Amino acid sequence: MEALSCCIANPRSFLLGLLLLLASAVFFAEAKVQHHEFVVQATPVKRLCKTHNSITVNGQFPGPTLEVYNGDTLAIKVTNRARYNVTIHWHGIRQMRTGWADGPEFVTQCPIRPGGSYTYRFTIQGQEGTLWWHAHSSWLRATVYGALIIRPRPGTSYPFTKPKRETTLLLGEWWDANPIDVVRQATRTGAAPNVSDAYTINGQPGDLYNCSSKDTVIVPIDSGETNLLRVVNSALNQELFFTVANHKLIVVGADASYTKPFTTSVLMLGPGQTTDVLITGNQPPARYYIAARAYQSAQGAPFDNTTTTAILDYKSAPCPAKKGVSTTPVFPSLPAFNDTATATAFSNSLRSPRKVEVPTVIDENLFFTVGLGLNRCPPNFKSNQCQGPNGTRFTASMNNVSFVFPSSFSLLQAHQQGIPGVFTTDFPAAPPVKFDYTGNVSRSLWQPVPGTKLYKLKFGSRVQIVIQGTSIFTAENHPIHLHGYDFYIIAEGFGNFNPSTDTSKFNLVDPPLRNTVGVPVNGWAVIRFVADNPGVWLMHCHLDVHITWGLAMAFLVENGVGVLQSIEPPPADLPLC
């Protein structure tokens with residue numbers, strides 16, 4: 001009673017407390033639990049004149065779009081009716097304390113075997129915008145992927161004028177073959193895998209490919225209206241430029257974080273990245289091509305140089321069937337394949353909408369090299385197993401460690417259950433040997449050491465990582481993705497990172513918040529985050545060919561104090577190893 005009298009005696013604080021209580025009650029009443037079923041299965045899919053038995057979710061390619069609100073909980077039962085092992089990763093979801101739902105095979109779970117099922121359960125916390133989901137087993141994500149749209153909590157709105165309509169555009173890659181056969185052949189031979197035969201927008205190659213025109217994706221717009229395009233790079237191995245003929249794009253979000261709006265005519269997205277843009281119907285009513293093609297930063301490496309298209313179609317445009325009316329869409333100007341200047345200008349334009357809290361006191365100052373390598377042909381291998389350059393086998397590494405995924409237990413299981421011999425925690429905080437990373441690298445450094453090495457982080461530690469690209473074999477832009485976290489990209493640059501001069505370039509005011517950073521070709525990027533999410537979190541290049549070769553590592557973030565700083569117990573239906 002005394003406490004109540006005290007509060008009422010101070011009516012202001014009582015009223016404030018009551019309002020907060022009501023607000024939280026309203027929020028919890030509105031936050032929903034969404035249940036979904038994903039059936040992974042082989043489905044006939046016809047592209048480029050040929051039908052393939054492709055692996056899909058629910059018979060759809062791309063898979064179903066999940067539309068949720070910030071604060072919702074998802075329970076997605078995945079049943080595997082395909083002939084391959086599968087896991088699903090919810091790319092960019094923070095997975096606070098729910099690492100068992102993150103999805104990378106043999107990292108946070110063992111795979112869902114053919115005939116098995118597993119329910120992924122997680123809550124969206126403080127994220128709004130565009131993310132996506134995809135398979136995280138072998139190369140299944142070539143066809144097993146879909147969008148994950150997070151809308152603002154009910155009663156709140158976007159920090160920009162509400163668009164008239166919204167369209168999600170998933171950029172993909174298509175092989176006129178079984179993608180699993182493509183990667184298996186590369187693993188067998190040690191050579192680079194065959195490049196894709198087409199790029200796609202929402203699963204369709206578009207007008208510039210054989211047998212594709214009738215299914216080209218149409219994006220409606222009307223004169224004067226402003227619409228939201230949610231663009232996702234779901235391609236397996238290729239950064240992509242994206243543009244719309246004669247239209248400017250206003251960037252308002254990236255990787256489910258809002259950005260300071262800026263205007264551009266071209267986007268560059270690495271695999272894994274998303275960008276939200278506003279587009280206004282301010283051109284003469286007609287049909288305009290939406291187009292995407294490769295940003296290829298690796299000199300001399302083969303790549304798919306085709307262009308995928310969709311059509312921005314003004315509703316008031318002349319009817320295509322009308323005689324004498326030209327209905328050929330207007331074609332856009334695209335950057336050159338190797339236009340690093342345009343890619344750099346785009347990434348440098350991204351900023352948080354306002355001042356943000358970037359960690360300034362650093363507990364863990366890490367320096368990771370990322371790049372390719374070549375392994376000498378093992379004595380017991382035949383020449384057809386060493387078809388990389390000069391009779392070698394391609395490899396890749398971080399800090400000279402080529403990551404080896406376990407095959408009997410997942411890393412998270414081994415950590416939770418104290419199973420010895422699955423991994424070690426001696427991943428180096430810096431390269432074992434310092435060298436001229438972007439110069440002429442000695443051949444003695446081209447062959448990394450294989451290992452399953454993790455780096456341990458205390459809960460709450462403030463982390464800075466300089467990610468330094470190397471020119472071993474060839475330099476290229478690497479889209480580096482960190483599971484379980486968003487991070488601030490505080491600087492990017494070319495050449496070797498120099499702590500004496502490059503720290504002056506750090507943006508500690510409004511850097512962009514992302515889950516995937518494009519490390520510039522022959523350059524570096526610096527990221528910062530607070531290790532506030534316990535578990536085992538993979539960090540890897542999102543070019544799948546590179547993760548296949550070992551361009552990955554994982555952080556083991558220890559539990560903090562009490563239940564709310566500890567990972568949840570494993571679910572009862574976690575797939576057995």
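Notes on the structure follow. (Residues numbered from 1 in each chain as written. Predicted model: local features only at pLDDT ≥ 70, side-chain atom pairs only at ≥ 80, totals over all residues. Heavy atoms only, no water.)

## Here's the deal with the overall build of the chain
Stage number 1. Secondary structure summary: the chain contains seven helices and 32 strands in total.
Stage number 2. Rg of the C-alpha trace for the chain: 24 Å, near the compact-globule value of 25 Å for 577 residues, within the 12% margin.
Stage number 3. Considered along the principal axes of its C-alpha atoms, the chain spans approximately 85 × 70 × 55 Å.
Stage number 4. Burial statistics for the chain: of 577 residues in total, 58% are counted as buried. (Helix = DSSP H or I, 4+ residues; strand = E, 2+ residues; numbered from the N terminus. Rg over C-alpha atoms; globule rule 2.2 N^0.38 Å. Buried < 20%, exposed > 50% of the residue type's maximum accessible area, 1.4 Å probe, protein only.)

## Details of the nonpolar core
Stage number 1. In this structure, Trp 90, Ile 465, Met 539 and Phe 555 are the most contacted members of the largest nonpolar core, which totals 93 residues.
Stage number 2. Among the elements that line this core, the one with the most residues is strand 32 (residues 552-557), at six residues.
Stage number 3. Residues Ile 201, Leu 249, Ala 292 and Ala 310 belong to the second largest nonpolar core, which totals 53 residues. (Core = buried A, V, L, I, M, F, W, Y, C linked by side-chain atoms within 4.5 Å.)

## As for the side chain of Gln 34
Stage number 1. With respect to the helices and strands, Gln 34 occurs in strand 1 (residues 33-47).
Stage number 2. Looking at Gln 34, its side chain comes within polar contact range of the side chain of Asp 72, at 3.5 Å.
Stage number 3. Residue contacts for Gln 34: discarding those within four places in its chain leaves Glu 67, Val 68, Asp 72, Thr 73, Leu 74 and Ala 75. (Polar contact = N/O pair within 3.5 Å; in protein donor to acceptor, adjacent residues only side chain to side chain. Contact = heavy atoms within 4.5 Å.)

## Examining the sheet that holds strand 16 (residues 267-269)
Stage number 1. Taken together, five strands build an open sheet; the order of strands is 11-19-18-13-16 and the sheet is mixed. At either end of the open sheet lies a strand with only one pairing partner, and these are strand 11 (218-221) and strand 16. Across this sheet, the average inter-strand angle for adjacent strands is 25°, counted without regard to direction.
Stage number 2. Across four bridges, the pairing between strand 11 and strand 19 (residues 307-314) is parallel. (Pairing = 2+ DSSP bridges. Axes fitted to C-alpha atoms, helices over the stretch in contact; angles between N-to-C directions.)

## With respect to the sheet that holds strand 5 (residues 88-91)
Stage number 1. An order of 3-8-7-5 is seen for the four strands of this open sheet, with the pairing classed as mixed. Both edges of this open sheet fall to strand 3 (66-69) and strand 5, since each of them pairs with a single strand only. Adjacent strand axes in the sheet meet at a mean angle of 20°, parallel and antiparallel pairs treated alike.
Stage number 2. The pairing of strand 7 (residues 129-135) with strand 8 (residues 145-151) spans six bridges and is classified as antiparallel. Directly across from Trp 133, in strand 8, lies its bridge partner Gly 146.

## Thoughts on the packing of aromatic side chains
Stage number 1. Taken as a whole and assessed by the stated rule, the structure comprises 31 aromatic pairs.
Stage number 2. On the numbers, 5.2 Å between centres and 80° between planes, the contact of Phe 394 with Phe 473 is edge-to-face. Of this pair, Phe 394 sits in strand 21 (residues 393-398) while Phe 473 is found in the loop between strand 25 (462-469) and strand 26 (478-482), placing the two residues 79 residues apart along the sequence.
Stage number 3. Here Phe 394 falls in the buried class, since its relative accessible area comes to 14%.
Stage number 4. Judged by relative accessible area, which is 34%, Phe 473 ranks as partly exposed.
Stage number 5. Between Phe 403 and Phe 405 the ring centres are 4.9 Å apart and the planes differ by 85°, which places this aromatic pair in the edge-to-face class.
Stage number 6. In this structure Phe 403 comes out as buried when scored by relative accessible area, which is 5%.
Stage number 7. Taking the relative accessible area as the measure of exposure, Phe 405 reaches 28% and is therefore partly exposed.
Stage number 8. Feature note: the residues Phe 368, Phe 427, Tyr 455, Tyr 485, Phe 529, Trp 537 and Phe 555 constitute an aromatic cluster, connected by ring pairs.
Stage number 9. Looking at Arg 293, its charged tip hangs above the ring of Phe 337, at a distance of 4.3 Å from the centre.
Stage number 10. The residue whose ring lies beneath Arg 443 is Trp 446, and the NZ or CZ to ring-centre distance is 4.0 Å. (Phe/Tyr/Trp six-rings, centres within 6.5 Å; stacked < 30°, edge-to-face > 60°. Lys NZ or Arg CZ within 6 Å of the ring centre and 35° of its normal.)

## Remarks on the environment of His 35
Stage number 1. As for its placement among the helices and strands, His 35 is situated in strand 1.
Stage number 2. For His 35, a relative accessible area of 63% gives the class exposed.
Stage number 3. For the pair His 35 and Leu 228, spaced 193 residues apart in the sequence, the C-alpha separation amounts to 27 Å.

## Concerning helix 3 (residues 179-189)
Stage number 1. Restricting attention to buried positions, one finds in helix 3 the residues Pro 179, Ile 180, Val 182, Val 183, Ala 186 and Thr 189.
Stage number 2. Buried residues in helix 3 make contact with strand 21 and helix 7 (544-549).
Stage number 3. Phi for Gly 190, located one or two positions after helix 3, is positive at around 80°.

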